[in-house]
Amino acid sequence: MIFEVFRQEKKGQPFTHAGSVVAPDAAFADAWAREQYGRRGESEALWLVPRDAVHQVTEWADEFDLKYRRVDGYSIKERLRIARERAGTASS
Amino acid sequence: MPGNARAQLLLDLADDELILGWRDSEWTGIAPTLEEDVAFSSIAQNEIGHARALYELAAAELGTNADALAFDREPDEYRCAPLVELHLMDWAHTIARRYLYEEADRVRLDALKASDDVELAGLAAKIDREETYHRLHAEMWAGRLRDEPRFRDAVEELWPYALGVLAPEQRAELARRVGLEPVDAKERGSHTSELAELWNEMTEVRRSAPGATW
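A brief structural summary. (Residues numbered from 1 in each chain as written. Chains lettered and ligands numbered in written order. Predicted model: local features only at pLDDT ≥ 70, side-chain atom pairs only at ≥ 80, totals over all residues.)

Focus on the overall build of chain B
So, point 1. Looking only at helices and strands, one finds 10 helices and zero strands in chain B.
So, point 2. By principal-axis analysis of the C-alpha atoms, chain B measures approximately 50 × 40 × 30 Å.
So, point 3. Every one of the 214 residues in chain B was classed for burial, and the buried ones make up 36%.
So, point 4. Taking contacts inside chain B between residues at least 6 apart in sequence as the whole, the part at least 24 apart equals 71%. (Helix = DSSP H or I, 4+ residues; strand = E, 2+ residues; numbered from the N terminus. Buried ≥ 20, exposed ≤ 12 C-beta atoms within 10 Å, placed from the backbone. Contact = placed C-beta atoms within 7 Å.)

Following this line, the structure appears as structure tokens:
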């Protein structure tokens, strides 16, 4: 079985994909992943996910030009400042 | 405990860990899978780290240093149990040894942790925290290979050697843990020719430049 390994570097940080281990079961994957991704204290936690359990999305319908959905060049900062003032939570 | 008995006990332990670490490191690069290669090499390094800490305690007792104890003695001065020096380049035997050694080491460490020798008890507790992972690894493999005749034969073959890792009064506990009947042990104190071969390789760099600081 292939287990995908996700690694969290510090508490509170997101888990990021670190690599994979090939192991006959979860116990072997546990032991091997510890050694490969944690033995130097580089990880706070690991997630081991059987590759078959990953639901992958690769197909994208892009039949129309949907560029207008992007927010490029649209500044939210000024709106946010005014909204905060209104709510009395201005951060200065 | 008189000073020389304490130093001798420390050398028994340190030599076991150094020589087994060295033997296990012979699998680096050629273990059955890449993942196991990384894990097995890491365990081998840990054992050598334990040896260093134990040699440092012994060195303080004997007025020398850890490197001198590890590398400057003659092969027949090493105190290691015959189990750890065997050259076993067969995975069933290698795992059988790891499994038996970890079980024996647990019995020994439990006794040391309860010792009145605060320094040694503290070091044993520290070592035991790493051994938890070694046991996890050994038990996982032993569990997987349990029904393989090659593995069972290897355990049986190495069983008298495993008993020799422990003091006589600790052997019944080991037999209980692994579910085997006590037999005559391969005792510590004499060596096979395999240790001399290992020693030649292990001390080669050190002997090439006596007195050098690394």
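Brief notes about the nonpolar core
So, point 1. In this structure, Ala 14, Leu 83, Leu 158 and Ala 162 of chain B are the most contacted members of the largest nonpolar core, which totals 63 residues.
So, point 2. Non-local contacts of Ala 14 of chain B, meaning those with residues more than four positions away in its chain, are made with Ala 51, Leu 54, Tyr 55 and Ala 58 of chain B. (Core = buried A, V, L, I, M, F, W, Y, C linked by C-beta atoms within 7 Å.)

Quick notes on helix H1 (residues 26-37) of chain A
So, point 1. Between its first and last C-alpha atoms H1 of chain A spans 15 Å; for 12 residues at 1.5 Å apiece the expected length is 16 Å, and the two agree.
So, point 2. Phe 28, Ala 29, Ala 31, Trp 32, Ala 33, Glu 35 and Gln 36 of chain A are the residues of H1 of chain A that are buried.
So, point 3. At its buried positions, H1 of chain A is contacted by strand S1 (2-8), strand S2 (16-22) and strand S3 (45-50) of chain A together with helix H2 (34-62) and helix H6 (118-145) of chain B. (Expected span 1.5 Å × (residues − 1).)

Side note on the interface of chain B and chain A
So, point 1. At the interface, 10 residues of chain B touch 11 residues of chain A.
So, point 2. Of all the secondary-structure elements, those providing two or more residues to the side of chain B that touches chain A are H2 and H6 of chain B.
So, point 3. If you tally residues by element for the side of chain B that touches chain A, the top one is H2 of chain B, at five residues.
So, point 4. For the side of chain B that touches chain A, the residue count by class is five nonpolar, three polar and two charged. (Nonpolar A, V, L, I, M, F, W, Y, C, P; charged D, E, K, R; others polar.)

Here we look at the environment of Ala 121 of chain B
Residues and elements named next belong to chain B.
So, point 1. Position of Ala 121 among the secondary structure elements: in helix H6.
So, point 2. Ala 121 sits in the partly exposed class, given 16 other C-beta atoms within 10 Å.
So, point 3. A sequence separation of 10 residues divides Ala 121 from Ala 111, and the C-alpha atoms of the two residues are 8.7 Å apart.
So, point 4. Residues within four places of Ala 121 in sequence aside, it is in contact with Leu 112, Lys 113 and Ser 115.

Comments concerning helix H2 (residues 77-87) of chain A
So, point 1. Little of H2 of chain A is tucked away, with zero of its 11 residues classed as buried.
So, point 2. Following H2 of chain A by one or two positions, Gly 88 of chain A has its phi on the positive side, about 75°.

Focus: the packing of helix H5 (residues 91-113) of chain B against H6 of chain B
Residue and element names in this part refer to chain B.
So, point 1. At a minimum axis distance of 8 Å, the contact between H5 and H6 shows a crossing angle of 150°. Comparing the axis directions of H5 and H6 gives the class roughly antiparallel. As H5 runs across H6, the sense of the crossing is left-handed.
So, point 2. When the residues that make up the contact of H5 with H6 are grouped by side-chain class, the tally is 14 nonpolar, one polar and eight charged. (Axes fitted to C-alpha atoms, helices over the stretch in contact; angles between N-to-C directions. Parallel < 35°, antiparallel > 145°, perpendicular 65-115°, else oblique. Left-handed = near helix turned anticlockwise from the far one by under 90°.)

Let's talk about the sheet that holds S2 of chain A
Residue and element names in this part refer to chain A.
So, point 1. Here we have three strands laid out as an open sheet, ordered S2-S1-S3, and antiparallel in their pairing. For this open sheet the edge positions go to S2 and S3, each flanked by a neighbour on one side alone. The average angle at which neighbouring strand axes cross in this sheet is 30°, direction not considered.
So, point 2. Note: S1 against S3, six bridges, orientation antiparallel. Of the residues in S3, the one forming a bridge with Glu 4 is Val 49.
So, point 3. Lying on the sheet, H1 is in contact with S1, S2 and S3; it crosses S3 at an angle near 140°. (Pairing = 2+ DSSP bridges.)

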